[in-house]
Amino acid sequence: MKAVVLGAAGGIGQPLSLLLKSNPLVTELGLYDIVNAPGVAVDLSHIATPAKVEGYLPADDGLKKVLTGADVVVIPAGIPRKPGMTRDDLFKINAGIVRDLATGIATTAPKAFVLVISNPVNSTVPIVAEVFKKHGVFDPKRLFGVCTLDVVRASTFVSEILGDRSLATSIKIPVVGGHSGVTIVPLLSQSTHPIPSSISSSTIDTVINRIQFGGDEIVKAKDGAGSATLSMAFAGAEFVGKVLRAKGGEKGIVAPTFVNLIADAEGGAKLKAELGAEVEYFSAPVELGVEGVYKINGLGTISDSEKKLIQVAVPELITNIEKGVSFVGAPKL
Ligand SMILES: NC(=O)c1ccc[n+]([C@@H]2O[C@H](COP(=O)([O-])OP(=O)(O)OC[C@H]3O[C@@H](n4cnc5c(N)ncnc54)[C@H](O)[C@@H]3O)[C@@H](O)[C@H]2O)c1
Ligand SMILES: O=C(O)C[C@H](O)C(=O)O
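Residues numbered from 1 in each chain as written. Chains lettered and ligands numbered in written order. Predicted model: local features only at pLDDT ≥ 70, side-chain atom pairs only at ≥ 80, totals over all residues. Heavy atoms only, no water.

**Description of empty space enclosed by the protein**
Here is step 1: Summed over the entire model, instances satisfying the criterion amount to two cavities of 30 Å³ or more.
Here is step 2: Approximately 50 Å³ is the volume found for the largest cavity.
Here is step 3: Residue lining of the largest cavity: A112, V114, V128, A129, F132, V137, F138, D139, R142 and L143, and that is the complete set.
Here is step 4: With three residues, helix 5 (residues 121-134) is the largest single contributor of residues to the lining of the largest cavity. (1 Å grid on protein atoms, 1.4 Å probe; cavity = no way out; pocket = protein on both sides within 12 Å on 5 of 7 lines; lining within 4 Å. Points joined across faces, edges and corners; volume = space filled by probe spheres on them. Helix = DSSP H or I, 4+ residues; strand = E, 2+ residues; numbered from the N terminus.)

**Brief notes about the packing of helix 6 (residues 148-161) against helix 7 (residues 201-212)**
Here is step 1: For the pair helix 6 and helix 7, interaxial distance at closest approach is 9 Å and the crossing angle is 150 degrees. Considering their axes alone, helix 6 and helix 7 lie roughly antiparallel with respect to each other. Here helix 6 and helix 7 pass one another in a crossing that is right-handed. Across from D150, R153, A154, F157, V158, E160 and I161 in helix 6, the residues of helix 7 making contact are T203, V207, R210 and I211.
Here is step 2: Along the lines of polarity and charge, the residues of the contact of helix 6 with helix 7 split into six nonpolar, one polar and four charged. (Axes fitted to C-alpha atoms, helices over the stretch in contact; angles between N-to-C directions. Parallel < 35°, antiparallel > 145°, perpendicular 65-115°, else oblique. Left-handed = near helix turned anticlockwise from the far one by under 90°. Contact = heavy atoms within 4.5 Å. Nonpolar A, V, L, I, M, F, W, Y, C, P; charged D, E, K, R; others polar.)

**Here we look at the pairing of strand 3 (residues 52-56)**
Here is step 1: Relative to strand 3, strand 2 (residues 28-32) runs parallel, the two sharing five bridges. The partner of L31 across the bridge, within strand 3, is G55.
Here is step 2: For the crossover from strand 2 across helix 2 (residues 37-45) to strand 3, the handedness is right-handed. (Pairing = 2+ DSSP bridges. Right-handed = clockwise from strand over helix to strand, strands pointing away.)

**Side note on helix 10 (residues 265-275)**
Here is step 1: Regarding helix 10, the residues found buried are G267, G268, L271 and L275. Buried residues of helix 10 fall within an arc of 95 degrees about the axis and therefore sit on the same side. Exposed and facing more than 90 degrees away from the buried side of helix 10 are A265, E266, K270 and A273.
Here is step 2: In this fold, the buried residues of helix 10 make contact with strand 10 (281-289), strand 11 (292-296) and helix 11 (304-328).
Here is step 3: Count one or two residues on from helix 10 and you reach G276, which has phi positive near 65 degrees. (Buried < 20%, exposed > 50% of the residue type's maximum accessible area, 1.4 Å probe, protein only. Arc of directions from axis to C-beta.)

**As for the site of ligand 2**
Here is step 1: R81, R87, N119, L149, R153, H179, G215, S227 and A228 make up every residue found near ligand 2.
Here is step 2: The contact in question runs from an oxygen atom of ligand 2 to an N or O atom on the side chain of R87, over 2.8 Å.
Here is step 3: Taken by itself ligand 2 offers 260 Å² of open surface, and the protein chains cover 96% of this.
Here is step 4: Comparing atom positions with the cavity grids shows ligand 2 to sit within the largest pocket.
Here is step 5: The residue inventory of the shell around ligand 2, partitioned by class, reads two nonpolar, four polar and three charged. (Near = heavy atom within 4 Å. Polar contact = N/O pair within 3.5 Å; in protein donor to acceptor, adjacent residues only side chain to side chain. Areas by Shrake-Rupley, 256 points an atom, 1.4 Å probe, with all protein chains shown as cover. Sits in = over half its atoms within 2 Å of the grid points.)

**Side note on the packing of aromatic side chains**
Here is step 1: Throughout the structure, instances matching the rule amount to four aromatic pairs.
Here is step 2: Taken together, a centroid distance of 6.0 Å and an interplanar angle of 50 degrees make the contact between F113 and F144 tilted. Taken together, the residues span a long stretch of sequence, with F113 in strand 5 (residues 113-116) and F144 in strand 6 (residues 143-145) at a distance of 31 residues.
Here is step 3: With centroids separated by 5.8 Å and ring planes inclined at 70 degrees, the aromatic side chains of F144 and F239 adopt a geometry described as edge-to-face. Separated by 95 residues along the polypeptide, F144 in strand 6 and F239 in helix 9 (residues 230-247) bring together distant segments of the chain.
Here is step 4: Exposure remark for F144: the relative accessible area of 0% places this residue in the buried category.
Here is step 5: The class for F239 is buried, based on a relative accessible area of 2%.
Here is step 6: Aromatic ring contacts, followed pair by pair, group F113, F144 and F239 into a single cluster. (Phe/Tyr/Trp six-rings, centres within 6.5 Å; stacked < 30°, edge-to-face > 60°.)

**Some points on the pairing of strand 1 (residues 2-6)**
Here is step 1: The buried count for strand 1 comes to five of five residues, which makes it a mostly enclosed element.
Here is step 2: Of the two faces of strand 1, the one carrying K2, V4 and L6 and the one carrying A3 and V5 are both buried.
Here is step 3: Where strand 1 and strand 2 come together, five bridges link them in parallel fashion. Bridge pairing in strand 2 links V4 to G30.
Here is step 4: What joins strand 1 to strand 2 is helix 1 (residues 13-21), and the crossover it makes is right-handed.
Here is step 5: In terms of strand pairing, strand 1 meets strand 4 (residues 72-75) through three bridges, oriented parallel.

Dropping the structure here:
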C-alpha cells in the first residue's frame, strides 16, 4: 500500500515517516513538504525495509506526483503552537494549508483515506470534507481526524496513577469528543483496568485535566520550539497501522477517531441521540474496515461526571466544526 505524508520534513513528519518506513504493510512511501522532503526521502531510503521512498517539493507538480496512487494520505503539515496559544489560534494559517492540500487530494487521489493531524483538528477535518464536497468526491468513511495521542496519553498517565508503568502498553481508555482542551473527554469509567476506589476523586480529576491539556505540557516544556512531535509520530504511526491493517481485510480493529457521523448512518444517529445534540463530527470508538469507517460505536455506559464533561465539550465542538465548514463555504450535502 502507498502511504503519503504531507508535511513530511517537519517535527512530526520526519519521525512519522521513519515509523511508516518500518511498517511492513507500507510498500511505497511518498513524502511531500515545501522544504527538504527529497532529502528526508533519500535518508529513509537507505533503511533496509522493502518500502520504496520518494520525496517531492511543490515545484514540477510535486503534490500531484506524490499523491498519484496513494492509498492513505496523512497530513501533519502546518504550524505548531507556541506558549500562550490555543489550537484555534493556528486556524488562520493551517486552515489554508489544509484546504490547499485537500484540493490536491480531491483531484489526484479522491479514493485515498485521509488522516488529518494538522491542528485545530476539530476544524481542519471539516475543511477537508467541505473541499471534497466541492469536488463531488466526499466519502465520510474515508476521512479521519487523528486523536490517537489523547488515547496514548490516557494510557500513560493512568498507568502512572495506578502506580504501574508497565500497564501503559496494555491499558486502554476510550477518549471521545474532539482534539482540544475541554472537547477531549477521557472515559476513565471504561478503563480496561478498573480504577480502584482507593484512588481519590481529586487524583482522578487531575488526571482527566492532564489528558485534556497534555499538549500544553509539551508546548510549555519546548518553550517556543513547537509542540508534541515524537509522541505524536508514535501515536500517528499506531493509527495509520490500524487503518492499513483494516484496509487489508483484518476485522475487529477499533480506534477512537474524529469522523463525520454520517460515515455510519445508524451508529452516528445513535451516538447523536446519546449526546442529545446535532453534532456533525465527533471522535468516537470506530470499527475500521476495508472501506474505512465500518461502524461508529456509541459511548456505552458512562458516569455522571463524564456526562457533564460531554455537555461542556459539545457546544465548543460545534463552534469549531462550524468554523471549518464556513471557511470553505461549500453547500451542504
Ligand atoms: N492531532 C494531534 O494530536 C497533533 C499532535 C501534535 C501536533 N499536531 C499538529 O501538527 C501540525 C504539525 O506540527 P509539527 O510539530 O510537525 O510542525 P513543524 O513546523 O515541525 O512541521 C510542519 C511541516 O509542515 C510543512 N508545511 C507547511 N506548509 C506546508 C504545505 N503547504 N504543504 C506541505 N507541507 C507544508 C512545513 O514545511 C513543516 O516541515 C501542527 O499543526 C500541530 O499543531 C497535531
Ligand atoms: O498541543 C498541541 O498543540 C499539539 C497537539 O495537539 C497535542 O495534543 O499535543
